[in-house]
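What follows is the residue order along each chain.
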There are 4 protein chains.
Amino acid sequence: MPIPMPNLYPPFNIVRLSHVEFIVTDLARSRAFYADTLGLQVVTEDAERIYLRAMEERGHHCMILRQGPKAEVSMLALKLYSEEDLDKAWDWLCEQGLPVEWVERPHQGRTLRTRDPSGMPLEFYFQMERLPPIHQKYALYHGVRPLRIDHFNCFSTDVDASVEFYNRIGFRVTEYTEDDESGRLWAAWMHRKGGVHDIAFTNGRGPRLHHTAFWVPTPLNIIDLLDLMSTTGYLANIERGPGRHGISNAFFLYILDPDGHRIEIYCSDYQTVDPDLEPIRWDLKDPQRQTLWGAPAPRSWFEHGSIFAGAHVTEPLLKAQPIIAP
Amino acid sequence: MPIPMPNLYPPFNIVRLSHVEFIVTDLARSRAFYADTLGLQVVTEDAERIYLRAMEERGHHCMILRQGPKAEVSMLALKLYSEEDLDKAWDWLCEQGLPVEWVERPHQGRTLRTRDPSGMPLEFYFQMERLPPIHQKYALYHGVRPLRIDHFNCFSTDVDASVEFYNRIGFRVTEYTEDDESGRLWAAWMHRKGGVHDIAFTNGRGPRLHHTAFWVPTPLNIIDLLDLMSTTGYLANIERGPGRHGISNAFFLYILDPDGHRIEIYCSDYQTVDPDLEPIRWDLKDPQRQTLWGAPAPRSWFEHGSIFAGAHVTEPLLKAQPIIAP
Amino acid sequence: MPIPMPNLYPPFNIVRLSHVEFIVTDLARSRAFYADTLGLQVVTEDAERIYLRAMEERGHHCMILRQGPKAEVSMLALKLYSEEDLDKAWDWLCEQGLPVEWVERPHQGRTLRTRDPSGMPLEFYFQMERLPPIHQKYALYHGVRPLRIDHFNCFSTDVDASVEFYNRIGFRVTEYTEDDESGRLWAAWMHRKGGVHDIAFTNGRGPRLHHTAFWVPTPLNIIDLLDLMSTTGYLANIERGPGRHGISNAFFLYILDPDGHRIEIYCSDYQTVDPDLEPIRWDLKDPQRQTLWGAPAPRSWFEHGSIFAGAHVTEPLLKAQPIIAP
Amino acid sequence: MPIPMPNLYPPFNIVRLSHVEFIVTDLARSRAFYADTLGLQVVTEDAERIYLRAMEERGHHCMILRQGPKAEVSMLALKLYSEEDLDKAWDWLCEQGLPVEWVERPHQGRTLRTRDPSGMPLEFYFQMERLPPIHQKYALYHGVRPLRIDHFNCFSTDVDASVEFYNRIGFRVTEYTEDDESGRLWAAWMHRKGGVHDIAFTNGRGPRLHHTAFWVPTPLNIIDLLDLMSTTGYLANIERGPGRHGISNAFFLYILDPDGHRIEIYCSDYQTVDPDLEPIRWDLKDPQRQTLWGAPAPRSWFEHGSIFAGAHVTEPLLKAQPIIAP
Ligand SMILES: [Ca+2]
Ligand SMILES: [Fe+2]
Ligand SMILES: [Fe+2]
Ligand SMILES: [Fe+2]
Ligand SMILES: [Fe+2]
């Protein structure tokens with residue numbers, strides 16, 4: 001199945017991925033991980049929820065940690081361009097027969113909750129409480145010096161179908177992995193904001209969240225985080241990397257939070273604002289696809305993911321296997 | 001004069017700055033500077049013109065060097081979203097009473113040439129010959145490892161008027177410097193592509209081009225370039241830096257090409273895609289505005305610029321003076 | 001006057017520079033600067049004294065801050081190879097007619113205090129309390145991530161004489177600046193430990209301490225410190241840099257502590273253990289001597305220094321002037 | 001068996017490791033690897049031999065590539081402090097019953113060839129042709145920007161015995177790995193020049209050369225090399241890394257040359273000039289010993305090594321196994 005032509009005039013205007021809510025089983029333990037170790041800034045918190053932002057963000061939050069009985073992901077949230085786009089989104093989603101509801105979200109304006117066709121919970125809003133800049137408050141920088149949320153990566157049981165849906169709402173494919181034998185997509189990277197992706201889909205049991213990525217200044221910050229985590233009790237939370245991705249050309253590290261939610265630390269992909277940007281195709285068998293330097297990902301990386309609240313997980317249609325570290 | 005509200009629905013859709021043409025008086029000497037020293041890639045060349053691209057660009061050129069009798073700038077070029085936008089641009093520019101003409105440009109589709117109200121020559125196109133990616137051909141990387149053209153900075157005799165015009169065509173102000181006494185803008189940074197700017201305006205004799213900036217991976221590449229230039233005969237071409245800008249928070253270096261065209265090497269500003277991003281105000285007297293670390297720019301930096309072909313240069317309306325290095 | 005041949009078999013064996021004691025007028029304010037901002041580790045402290053060490057050091061202290069009425073430098077301390085060397089030092093210094101006395105120094109073994117012929121107070125010891133390694137306790141790293149004390153730089157009224165004395169006790173010249181007209185040394189860099197220097201001498205009113213330098217991992221740590229200092233109230237404490245030295249090829253930054261004691265942050269010079277290493281000569285008029293990239297040092301850098309307790313300061317013999325920033 | 005006390009007054013004075021000669025089966029192919037890709041500078045060459053130096057070295061060569069029928073290592077060479085030390089070395093080696101002979105080596109003064117008790121060929125000299133500095137000829141820097149040879153690592157069948165011998169000639173242990181059960185050394189790092197090591201020994205079939213290491217400026221140069229090698233046909237030559245060593249705290253990468261000689265790219269260990277530096281003990285079972293971040297080395301890293309010309313290889317005494325990547 002070929003990559004669809006980009007939809008340059010989508011039914012409503014999504015600006016970028018915005019935030020994620022993780023249900024965590026021990027809020028204090030997660031705070032130590034995200035705020036003290038990674039270096040996200042705590043904006044507001046109470047006994048149930050912690051709102052975090054990264055250093056260059058002006059919106060109130062890019063991550064919400066919520067205490068709960070079981071680790072899962074409440075939703076992925078996307079920022080729309082205007083209030084008008086929010087109403088257009090409502091109408092379009094209704095037309096598609098997808099579930100819609102207005103929900104109350106602290107620190108945000110009107111918020112629309114839906115699920116994509118695979119059951120993945122999404123929330124759209126256009127207005128969030130704006131905060132004073134802290135990107136030049138250098139005394140606050142620590143940990144990996146996270147600058148902004150960069151992307152979501154999701155397991156999909158049918159990557160072709162996921163790409164088809166997100167393409168319709170304006171996401172444009174920048175790179176993709178094809179299974180040569182079946183001609184089906186094994187993975188795809190899609191963007192709105194002008195980087196390699198706001199969201200990516202990887203073949204697997206789904207829908208599940210594979211990881212959430214944060215942008216950092218340079219690869220040296222990633223090395224600093226590895227040194228810090230490996231000497232402060234987080235050695236077992238280091239899953240894969242560091243390395244250079246073949247796909248995206250970004251420098252990466254994958255780590256697991258105390259509940260197993262996977263975080264990618266990421267930097268130096270490329271600008272993709274051209275509407276005529278040609279997607280780059282990779283073969284599933286290409287060992288440099290995952291890591292330009294050849295190191296395969298460990299088995300856990302292909303198998304483990306976070307459950308979305310209320311989403312039913314099924315097996316993927318495509319059975320092809322990438323190269324897995326022995 | 002306050003910063004105008006962003007125009008979120010401009011008359012035509014500009015994607016980003018695209019390229020610049022420099023008239024240079026010794027093409028071989030300029031080639032040595034841009035290709036051999038900075039590390040831009042020569043795409044095509046003949047006795048009169050050299051087309052260059054940076055490492056992550058897929059369009060045919062981000063800079064054209066043309067042999068000529070006198071150093072000047074032929075035009076600044078901007079990429080539009082679609083052919084429809086090109087026709088909308090024509091119509092809108094006509095309505096404004098600005099000059100319009102279709103021009104032939106090698107390696108580009110239909111190209112519209114105009115001048116902004118200050119007389120600055122602009123060219124709009126939507127289609128350029130696309131080239132295979134080279135961003136993972138690491139054997140080609142050298143010099144400062146330029147990844148992409150990032151922005152233009154122009155002297156304007158009336159920054160308020162420049163901001164007003166570019167705001168109308170969709171550029172959004174991210175940061176600005178105000179003269180407290182007059183309440184007039186002294187400088188402003190405006191973007192389309194989601195970084196701090198595609199174009200900036202600085203008070204001064206104008207219209208003139210102050211500089212053209214290239215994005216590089218990290219500050220260490222800038223240090224490498226300084227080491228290289230200072231030991232290969234380009235010591236006198238280093239004008240200002242390295243340093244951290246207060247405005248934009250980017251890491252910078254200013255250098256002069258053999259004809260005096262100013263180039264900025266630039267990295268690590270921040271993402272600005274939110275339509276409700278609040279512009280950041282700086283006072284003209286704030287010493288950290290220019291360089292966060294306090295070092296003032298040298299006099300040449302405030303006075304020297306490149307002439308635009310056919311543009312009449314006049315004195316600025318605003319006489320306020322920034323801090324200049326003694 | 002030519003550089004003397006290295007004395008490969010000195011009368012006693014000096015291993016390296018070891019530590020410095022600064023008299024400071026506000027201990028809490030100095031603690032904020034050295035511990036909280038630079039990132040030196042407080043080892044022990046009381047109301048009068050703070051002992052600090054850098055991250056890879058195992059000895060108890062590389063810097064002592066002592067509360068006093070007037071900013072000055074108590075002494076420069078050097079580590080000897082063995083107790084035997086301490087006794088040899090005593091004998092040799094006596095033979096030279098230099099003052100000697102055994103002094104009690106907390107956390108150190110037997111300590112010999114003397115003054116060099118210019119009156120600069122020196123202390124020799126061979127044994128210091130050893131501490132457990134902290135170089136892999138990455139949670140402790142902050143500020144500029146100082147790894148170790150690297151060198152002292154002193155104003156001397158007669159650099160030829162200083163070089164002659166330190167050469168006799170085994171310091172070897174790695175680089176030097178000569179005044180072409182007089183043939184006299186304007187500055188010299190001398191080492192024991194295998195880097196470009198443990199101690200350097202610069203022509204000027206002396207004896208005074210020009211600066212004390214700390215080694216850090218990479219130039220990016222220096223950029224981080226600049227960002228931090230310029231946004232936490234230390235903007236005026238940034239004196240010169242960052243830049244690449246011509247002499248030593250090191251990357252540098254000069255800052256002033258709250259009392260005006262000058263600190264250099266320094267990295268990436270070269271290994272000098274070869275006994276037949278040829279000293280590198282620089283001309284006083286060479287603009288790349290100070291900064292490879294051409295930027296001259298400010299006037300304060302040539303004039304300001306710290307007084308040594310009890311040392312009489314006189315004018316330099318050599319009146320030649322280096323290039324000073326306008 | 002405990003680590004021996006350092007011998008602070010050895011029978012002759014070794015300054016540092018100096019160079020290695022590799023027999024290679026295709027000189028042009030090796031030249032492409034070492035000069036074009038790694039960035040070592042070719043000093044002199046003919047049809048049989050290429051002499052290479054790194055960027056900050058002043059001696060004529062740190063590596064000799066010699067065309068031969070079979071990949072092996074001719075010798076490891078060490079620089080002595082003076083001619084007197086060379087004669088002392090002759091006498092001492094004779095006393096030990098070790099083989100000695102004077103050999104002619106181009107570009108070197110008198111050279112003494114011997115074998116250590118395990119049969120490893122060593123050459124001592126004190127004088128080598130000195131070359132003008134190139135460390136500030138930045139146009140020559142490329143590849144991984146190698147600054148200097150840093151250390152050798154050798155397989156030893158009896159690490160306790162190797163440590164005992166090298167300790168007698170003045171090498172001092174900085175870190176070591178002990179097998180808890182047998183109390184025997186599994187590996188040891190020993191220095192002369194003031195870094196973590198000039199030479200290290202690892203338990204295994206020996207004597208064989210495990211690797212030769214080069215010092216580079218920062219971890220980013222190692223990332224650059226990985227990007228370069230993985231996109232220029234050297235993907236299969238990347239063996240292990242990048243990572244932070246537990247032992248030495250250095251940042252590393254292991255690669256294999258076209259004949260399988262292993263090269264380590266290495267930076268940021270620590271200064272060890274103190275004669276009373278306490279060696280750091282590691283347990284063989286500690287997963288952070290090899291890589292602070294926890295990743296085990298691949299099997300090849302424990303098994304593959306280069307043969308020394310004329311040395312008989314035998315099985316190690318100690319059978320203990322470290323953690324090997326699955
Ligand atoms: Ca005002
Ligand atoms: Fe990702
Ligand atoms: Fe700029
Ligand atoms: Fe210094
Ligand atoms: Fe090694």
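Residues numbered from 1 in each chain as written. Chains lettered and ligands numbered in written order. Predicted model: local features only at pLDDT ≥ 70, side-chain atom pairs only at ≥ 80, totals over all residues. Heavy atoms only, no water.

Applicable threshold: UniProt positions are given in the numbering used here, feature names are shortened, and annotations may be inferred rather than shown by experiment.
The name an unreviewed UniProt entry assigns to chain A is Manganese-dependent 2,3-dihydroxybiphenyl 1,2-dioxygenase, from the organism Novacetimonas maltaceti. The heading Cofactor (unreviewed entry) in the UniProt record of chain A holds the text "Fe(2+)". Quoted verbatim from the Sequence similarities (unreviewed entry) heading of the UniProt record, the comment on chain A is "Belongs to the extradiol ring-cleavage dioxygenase family."

1. Focus on the sheet that holds strand β4 (residues 63-67) of chain C
Residue and element names in this part refer to chain C. To keep it simple, the criterion reads: Two strands pair under a simple rule: DSSP has to find at least two bridges between them. Helix and strand assignments come from DSSP, with helices taken as H or I runs of at least 4 residues and strands as E runs of at least 2, each series counted from the N terminus. Note on geometry: axes are C-alpha line fits, over the in-contact stretch for helices, and angles between N-to-C directions span 0 to 180 degrees. Any two residues whose heavy atoms approach within 4.5 Å are treated as being in contact.
Spatially, the 8 strands line up as an open sheet ordered β2-β3-β4-β1-β5-β8-β7-β6, and their pairing is mixed. Only two strands of the sheet have a single partner each, and these edge strands are β2 (41-45) and β6 (100-103). For this sheet the average axis-to-axis angle between neighbouring strands, irrespective of direction, equals 25°. Looking at chain direction, β6 and strand β7 (residues 111-115) are connected through 4 bridges and run antiparallel. The partner of Val-103 across the bridge, within β7, is Thr-111. Of the strands in this sheet, β1 (14-24), β2, β3 (49-53) and β4 are in contact with helix α1 (residues 27-38), which crosses β4 at around 160°.

2. Topic: the coordination of the iron ion (ligand 5)
All names here are of chain D. Selection criterion: Coordination here is defined by N, O and S atoms within 2.8 Å of the metal (3.2 Å for Na, K and Ca), and since water is not considered, a site can look incomplete. Think of it in three bands: with a 1.4 Å probe and only protein chains considered, a residue is buried below 20% of the maximum accessible area for its type, exposed above 50%, and partly exposed in between.
Binding of the iron ion (ligand 5) to the protein goes through His-151 (NE2), His-211 (NE2) and Glu-264 (OE), at separations of 2.0 to 2.1 Å. Expressed as a motif, the donor residue spacing for the iron ion (ligand 5) is H-x59-H-x52-E. On the criterion of sequence distance, the pair formed by His-151 in strand β9 (residues 148-156) and His-211 in strand β13 (residues 208-215) is long-range, its members being 60 residues apart. In this pair, the class of His-151 matches that of His-211, namely buried.

3. Topic: the interface of chain C and chain A
The criterion, for reference: A pair is scored as a salt bridge if a Lys or Arg side-chain nitrogen falls within 4 Å of a carboxyl oxygen belonging to Asp or Glu. N or O atoms closer than or at 3.5 Å make up a polar contact, with two conditions inside protein: a donor-capable atom paired with an acceptor-capable one, and, for residues adjacent in sequence, both atoms drawn from side chains. Throughout this entry, Asp, Glu, Lys and Arg are counted as charged residues, while Ala, Val, Leu, Ile, Met, Phe, Trp, Tyr, Cys and Pro are counted as nonpolar. The remaining residues, Gly among them, count as polar.
Each side of the interface is counted separately: chain C has 11 residues, and chain A has 11 residues. Between chain C and chain A we count 2 salt bridges in total. Here Asp-224 of chain C ties to Arg-145 of chain A by a salt bridge, and the two come within 3.4 Å at their closest N and O atoms. The interface formed by chain C and chain A includes 2 residue pairs in polar contact (both at pLDDT 80 or more). Considering only residue class, the side of chain C that touches chain A consists of 4 nonpolar, 4 polar and 3 charged.

4. What to know about the environment of Pro-4 of chain C
Residue and element names in this part refer to chain C. Within the secondary structure, Pro-4 is located in the segment before β1. Judged by its relative accessible area of 29%, Pro-4 is partly exposed. A C-alpha to C-alpha distance of 37 Å links Pro-4 and Val-144, two positions 140 residues apart in sequence. In this view, Pro-4 contacts Val-163 and Asn-167; residues no more than four positions away in its chain are not counted.

5. Remarks on the relation of the copies chain B and chain A
The condition that has to hold: Superposing copies: least-squares fit, C-alpha atoms only, residues required to have pLDDT of at least 70 in both.
When chain B is brought onto chain A, the operation consists of a screw motion whose angular component is 180° and whose axial shift is 0.0 Å, with 0.0 Å RMSD remaining. When the rotation and shift are considered jointly, the pair of chain copies conforms to a two-fold rotation axis. Ranked by how close their C-alpha atoms come to the rotation axis, the residues of chain B are headed by Thr-218 of chain B, at 3.3 Å.

6. Things to note about the environment of Ser-248 of chain D
Residues and elements named next belong to chain D. Of note, Ser-248 is situated in the loop between β14 (238-244) and β15 (251-256). Separated by 70 residues in sequence, Ser-248 and Glu-178 place their C-alpha atoms 15 Å apart. When residues no more than four places from it in sequence are discounted, the contact partners of Ser-248 are Glu-175, Val-196, Tyr-266, Ser-268, Asp-269 and Tyr-270.

7. Focus on the pairing of β15 of chain D
Residue and element names in this part refer to chain D. For β15, a buried count of 6 out of 6 residues is recorded, marking the element as mostly surrounded by other parts of the structure. Neither face of β15 is open: one carries Phe-251, Leu-253 and Ile-255, the other Phe-252, Tyr-254 and Leu-256, and all of them are buried. By the bridge criterion, 4 bridges tie β14 to β15 in an arrangement that is antiparallel. Bridge pairing in β15 places Gly-243 opposite Phe-252. Hairpin remark: β14 followed by β15, antiparallel, with 6 residues in the connecting loop; positive phi at Ser-248, about 90°. Taken together, the 6 bridges between β15 and strand β16 (residues 262-267) define a ladder with antiparallel strand orientation. Bridging across to β16, Leu-253 finds its partner in Ile-265. Linkage of β15 to β16, two consecutive antiparallel strands, is achieved through a turn of 5 residues, within which Gly-260 is found at a positive phi near 90°.

8. Things to note about the sheet that holds strand β2 (residues 41-45) of chain D
All names here are of chain D. The strand order across the open sheet formed by 8 strands is β2-β3-β4-β1-β5-β8-β7-β6, and the pairing between neighbours is mixed. The open sheet has two edge strands, β2 and β6 (100-103), and neither has a second partner. This sheet shows a mean twist of 25° between the axes of neighbouring strands, independent of strand direction. Two strands pair when backbone bridges link them, and strand β3 (residues 49-53) and strand β4 (residues 63-67) are joined in this way by 4 bridges, in the antiparallel orientation. Note that in β4 the partner of Leu-52 across the bridge is Met-63. Of the strands in this sheet, β5 (72-80), β6, β7 (111-115) and β8 (121-125) touch helix α2 (residues 83-95), which is tilted by about 150° from β6.

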